[in-house]
Amino acid sequence: MKLVLATSNKGKVREIKALCEDFEIIPYSELIDEFEIVEDGDDFKENALIKARAVFKALNDENVIVLADDSGISVDILDGKPGIYSARYAGAGATDKDNLHKLIDAIKEKNVKSSSAHYTAAIAIVTKESQYSVHGWMHGEVITKALGDKGFGYDPMFIPLGYDKTLGQLDDETKKRLSHRSKALNLAKIILQTL
Ligand code: IMP
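So, a few notes on the structure that sits alongside this text. Worth saying up front: this structure is predicted, and the values here are computed from it rather than measured. (Residues numbered from 1 in each chain as written. Predicted model: local features only at pLDDT ≥ 70, side-chain atom pairs only at ≥ 80, totals over all residues. Heavy atoms only, no water.)

### A closer look at the site of the ligand
Put simply, the rule reads: Only heavy atoms are used to decide nearness, and a residue is near a molecule or strand if one of them lies within 4 Å of it. Two N or O atoms count as a polar contact when they lie within 3.5 Å, although within protein this holds only if one can serve as hydrogen donor and the other as acceptor, and sequence-adjacent residues are included solely when both atoms are side-chain atoms. Methods summary: accessible areas were calculated by the Shrake-Rupley approach with a probe of 1.4 Å, and residue burial reflects only the protein chains presented. A cavity here means a set of points on a 1 Å grid, drawn over the protein atoms and nothing else, where a 1.4 Å probe fits but cannot get out; a pocket is an open set with protein on both sides within 12 Å along at least five of seven lines, and a residue lines either one if it has an atom within 4 Å of a point. Just a note on the criterion: a molecule sits in a pocket or cavity if more than half of its atoms are within 2 Å of the grid points. Amino acids outside the nonpolar list (Ala, Val, Leu, Ile, Met, Phe, Trp, Tyr, Cys, Pro) and the charged list (Asp, Glu, Lys, Arg) are all regarded as polar, and Gly is one of them.
Near the ligand lie 18 residues; those nearest to it are Lys12, Phe152, Asp155, Lys175 and Arg181. A distance of 3.3 Å separates an oxygen atom of the ligand from a polar side-chain atom of Lys51. In this structure, Arg181 approaches the ligand through a side-chain N or O atom, which is 2.8 Å from a nitrogen atom. For the ligand, whose accessible area on its own is 490 Å², the fraction buried by protein is 94%. Mapping the ligand onto the cavity grids shows that it belongs to the largest pocket. The residue inventory of the shell around the ligand, partitioned by class, reads 4 nonpolar, 5 polar and 9 charged.

### Comments concerning the pattern of salt bridges
Inclusion rule: Every case where a carboxyl oxygen of Asp or Glu lies within 4 Å of a side-chain nitrogen of Lys or Arg is listed as a salt bridge. Labels follow the DSSP assignment, with helices taken as runs of H or I lasting at least four residues and strands as runs of E lasting at least two, numbered in each case from the N terminus. Per-residue accessibility, obtained with a 1.4 Å probe over protein chains only, is compared with the maximum for each type, and a residue is labelled buried under 20%, exposed over 50%, and partly exposed between these values.
Inspection of every chain in the model, using the stated rule, returns 9 salt bridges. Between Lys51 and Asp70 there is a salt bridge whose closest N-O contact spans 2.9 Å. Highlighted residues: Lys51 in helix 2 (residues 44-59) and Asp70 in strand 3 (residues 65-75), separated in sequence by 19 residues. Judged by relative accessible area, Lys51 falls into the buried class, the value being 7%. Residue Asp70 is classed as buried on the basis of its relative accessible area, which comes to 3%. Between Arg181 and Asp69 there is a salt bridge, with the nearest N and O atoms lying 2.6 Å from each other. With Arg181 in helix 5 (residues 180-194) and Asp69 in strand 3, this pair connects stretches of sequence that are 112 residues apart. Look at Asp69 and you get buried, because its relative accessible area is 1%.

What follows is the structure, encoded as structure tokens:
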């Protein structure tokens with residue numbers, strides 16, 4: 001089954017491809033020019049649906065299935081920030097590194113060395129006649145240091161529950177087993193198999 005991804009985030013594309021080996025995954029930017037999608041929903045689910053619907057419309061092909069992931073990290077000591085603003089926490093056009101260091105600084109300002117936190121992934125699937133959404137979560141803690149270079153985004157500062165290393169230090173297989181994205185994608189695959 002051919003699945004068009006409504007993202008060109010390299011980290012997400014790599015992980016989704018590794019988790020959906022039975023499907024042919026094509027980032028939408030390989031089919032049409034990338035365009036700006038205004039993610040003005042109030043939660044991850046709304047933003048995932050906004051992205052999937054926008055790409056489905058732009059592709060102008062009724063036979064495609066579009067899958068979008070909207071995800072982010074919520075830190076308890078920061079009252080759930082950056083949440084849905086994770087990709088632009090350090091401002092529009094911020095890099096993953098800018099966002100990571102802004103989050104480290106924000107936690108340090110609270111005079112703590114760590115805080116409980118969780119990742120959320122909402123996956124939306126849009127076809128000609130249907131729209132679905134599912135979620136996955138990964139709980140753990142964030143620390144005020146960046147350790148390791150695996151994964152992407154906030155992974156070097158996130159320690160999954162039950163581990164003593166960050167996702168930047170743990171291997172890809174461990175993240176694949178634990179992650180918010182893999183939990184949501186396992187549910188999404190059940191939907192895809194019924195389509
Ligand atoms: P989105 O592309 O608008 O969904 O933004 C997602 C942002 O959340 C990314 O840019 C990352 O900063 C962060 N994020 C989401 N999932 C992960 C993950 O698995 N690891 C690290 N950061 C993530």
